[in-house]
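Coordinate inspection notes
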Amino acid sequence: MNLNNLIRQNIKQMIGYSSAREEYQSTEAEMVLIDANENPYNTDLNRYPDPQQKLLKKQIAALKNIDAEQLLLGNGSDEVLDLIFRSFCEPNQDNIIINNPTYGMYEVLANINSIEIIKVELSVNFKINTNLLLDKIDKYTKLIFICSPNNPSGNTIDSGEINKLLKHFKGLVIIDEAYIDFSSQKSWSTQLDAYPNLIVLQTLSKAYGLAGIRLGYCMASREIIRVLNKIKPPYNINTLTQKAALDCLYNPTNYRKQLEEILEQRSWLIAELSHIPIVKELYPTEANFVLVKVDDANRRYKQLLKHKIIVRNRTKETNCKNCLRITIGTEQENKQLVKILKKLK
Ligand SMILES: *Cc1c(COP(=O)(O)O)cnc(C)c1O
């Protein structure tokens, strides 16, 4: 793979914005900061945030056993995905390959950026069809997206098949690991040195309980990260988000406790659901949700809504006829769900 051949022409040529705060290297306390037109009166929020998020990256890098230079943080994974599209895909020319069904944002971002989408169907059990996928690659294919564990099906994608893709594809393979904490599989971030075309995406929105702060990140080669850095908005991670993320990562007690509880609840809920007559099939899950085939998804969805329970109706997705995607809630929420599902007529 030659990364230079993958970068969009205009991005290759442009010079990124240099923010005032990127030009000096010192601790703020001892400096007179009259370079960025800020209000000088200290409120903890009067200064622009660190554009390179050094403290937070250091913490995430240590946790993931990678180098801080292999990290790019975004305002949610959605921003990271958008940066990847805008760095590597030439509008009205390039294409991407996604599995079907999968997370909806890849398609939305491809549409926003005017990039053709090639969809390859997963099997009825949501297994990847690598040979078919490899057949679809043409000279304009820049990105292949793999969501593992996959949303909405919940299963992880076979690592042997992903290895095959990474070896044979000369573009970038993005592995979205939003649900990796709930999975027994190890992260693909351990393979960054083996594959220069690998981008691993993670988020604090799910297991870490911080969907509200919007923090996602990708891990990749230093070369890929340099390209993404060049086009990211200088201050994309705000001060409050950096602080909340650091607080959580410095003290992961709640994260660990809640993760354990969610996994226990997942087992409990699956066991309960398997005895309910309107449940026709439960798909194996390694995420914090379970895809459930019921007798009539539209009808059951509306009934649950009347009981003030909102699930995700996925019946229109490929191979998801009559399927509801149910997030693992608290013990009380799960009990309430089971109680109502048992009563539905
Ligand atoms: C929830 C989710 C994300 C997280 O997106 P954020 O913007 O980080 O909140 C990413 N990918 C998938 C597949 C998801 O389901």
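Please refer to the structure placed before this passage.
Residues numbered from 1 in each chain as written. Predicted model: local features only at pLDDT ≥ 70, side-chain atom pairs only at ≥ 80, totals over all residues. Heavy atoms only, no water.

**Let's talk about the sheet that holds strand β6 (residues 198-203)**
With mixed pairing, seven strands are arranged side by side in an open sheet as β1-β7-β6-β5-β4-β2-β3. Each edge of the sheet is formed by a strand with only one pairing partner; in this case those strands are β1 (71-74) and β3 (116-121). Strand-to-strand, the axes of this sheet are offset by a mean angle of 25°, without reference to chain direction. Here strand β2 (residues 95-100) runs beside strand β4 (residues 141-147); their pairing, made up of four bridges, is parallel. Of the residues in β4, the one forming a bridge with Ile96 is Leu143. Contacts between helix α8 (residues 222-231) and the sheet are confined to β1, β5 (172-176), β6 and β7 (216-219), with β1 contributing the most and set at about 30° to the helix. (Pairing = 2+ DSSP bridges. Helix = DSSP H or I, 4+ residues; strand = E, 2+ residues; numbered from the N terminus. Axes fitted to C-alpha atoms, helices over the stretch in contact; angles between N-to-C directions. Contact = heavy atoms within 4.5 Å.)

**Describing the site of the ligand**
Close contacts around the ligand come from 13 residues, with Ser77, Tyr179, Ser205, Lys206 and Arg214 the closest. At a separation of 2.6 Å, an oxygen atom of the ligand approaches a polar side-chain atom of Ser77. Lys206 places a polar side-chain atom, nitrogen or oxygen, 3.3 Å from an oxygen atom of the ligand. Contact with the protein chains hides 93% of the accessible area of the ligand, taken as 390 Å² for the molecule alone. Taken together, the residues that form the shell around the ligand break down as four nonpolar, five polar and four charged. (Near = heavy atom within 4 Å. Polar contact = N/O pair within 3.5 Å; in protein donor to acceptor, adjacent residues only side chain to side chain. Areas by Shrake-Rupley, 256 points an atom, 1.4 Å probe, with all protein chains shown as cover. Nonpolar A, V, L, I, M, F, W, Y, C, P; charged D, E, K, R; others polar.)

**Topic: the layout of surface pockets**
Space inside the second largest pocket adds up to approximately 410 Å³. Elements that contribute at least two residues to the lining of the second largest pocket include exactly α3 (54-64) and α8. A total of six residues in the lining of the second largest pocket trace back to one element, the largest contributor, which is α8. Here the residues of the lining of the second largest pocket are counted per class, giving seven nonpolar, three polar and eight charged. (1 Å grid on protein atoms, 1.4 Å probe; cavity = no way out; pocket = protein on both sides within 12 Å on 5 of 7 lines; lining within 4 Å. Points joined across faces, edges and corners; volume = space filled by probe spheres on them.)

**Focus on the pairing of β3**
Remember that side chains alternate between the two faces of the sheet whenever the strand is regular. Two strands pair when backbone bridges link them, and β2 and β3 are joined in this way by six bridges, in the parallel orientation. By the bridge assignment for β3, Asn100 is matched with Glu121. Handedness of the crossover is the feature at issue here: the chain leaves β2, passes through helix α5 (residues 105-112), returns alongside β3, and the resulting connection is right-handed. (Right-handed = clockwise from strand over helix to strand, strands pointing away.)

**Notes on the pattern of salt bridges**
According to the stated counting rule, one finds 15 salt bridges in the structure shown. Here Arg226 makes a salt bridge to Glu223, at a shortest N to O gap of 3.8 Å. Pair noted here: Arg226 and Glu223 are both in helix α8, with a separation of three residues, about one helical turn. For Arg226, a relative accessible area of 54% corresponds to the exposed category. Via salt bridges that share partners, Asp67, Glu69 and Arg222 belong to a single interconnected network. (Salt bridge = Lys/Arg side-chain N within 4 Å of Asp/Glu carboxyl O. Buried < 20%, exposed > 50% of the residue type's maximum accessible area, 1.4 Å probe, protein only.)

**Notes on unusual backbone geometry**
Following Asn100, the chain continues into Pro101 via a peptide bond in cis, with omega recorded as 5°. Cis geometry marks the peptide bond from Asn151 to Pro152; its omega dihedral reads 15°. Here Pro152 shows up in the loop between β4 and α7 (159-168). Of note, Gln53 is a non-glycine position whose phi angle comes to about 45°, a positive value. Looking at the secondary structure, you find Gln53 in the loop between α2 (9-13) and α3. Judged by relative accessible area, Gln53 falls into the buried class, the value being 1%. The backbone of Arg214 shows a phi angle near 60°, a positive value even though the residue is not glycine.

**Quick word on α8**
Along α8, the residues classified as buried are Ile224, Ile225, Val227, Leu228 and Ile231. For α8, the buried positions fall inside an angular range of 160° around the axis, keeping them on one side. (Arc of directions from axis to C-beta.)

**With respect to helix α9 (residues 239-250)**
Between its terminal C-alpha atoms α9 stretches 16 Å, which fits the 16 Å expected from twelve residues at 1.5 Å a residue. Of all the residues in α9, the buried ones are Thr241, Gln242, Ala245, Leu246, Cys248 and Leu249. Seen end-on, α9 carries its buried residues on one side only, within an arc spanning 165°. Tucked into the core, α9 has its buried residues touching α3. The opening residue of α9 is Asn238, an N-cap whose side-chain oxygen sits 2.9 Å from the backbone nitrogen of Leu240. (Expected span 1.5 Å × (residues − 1).)

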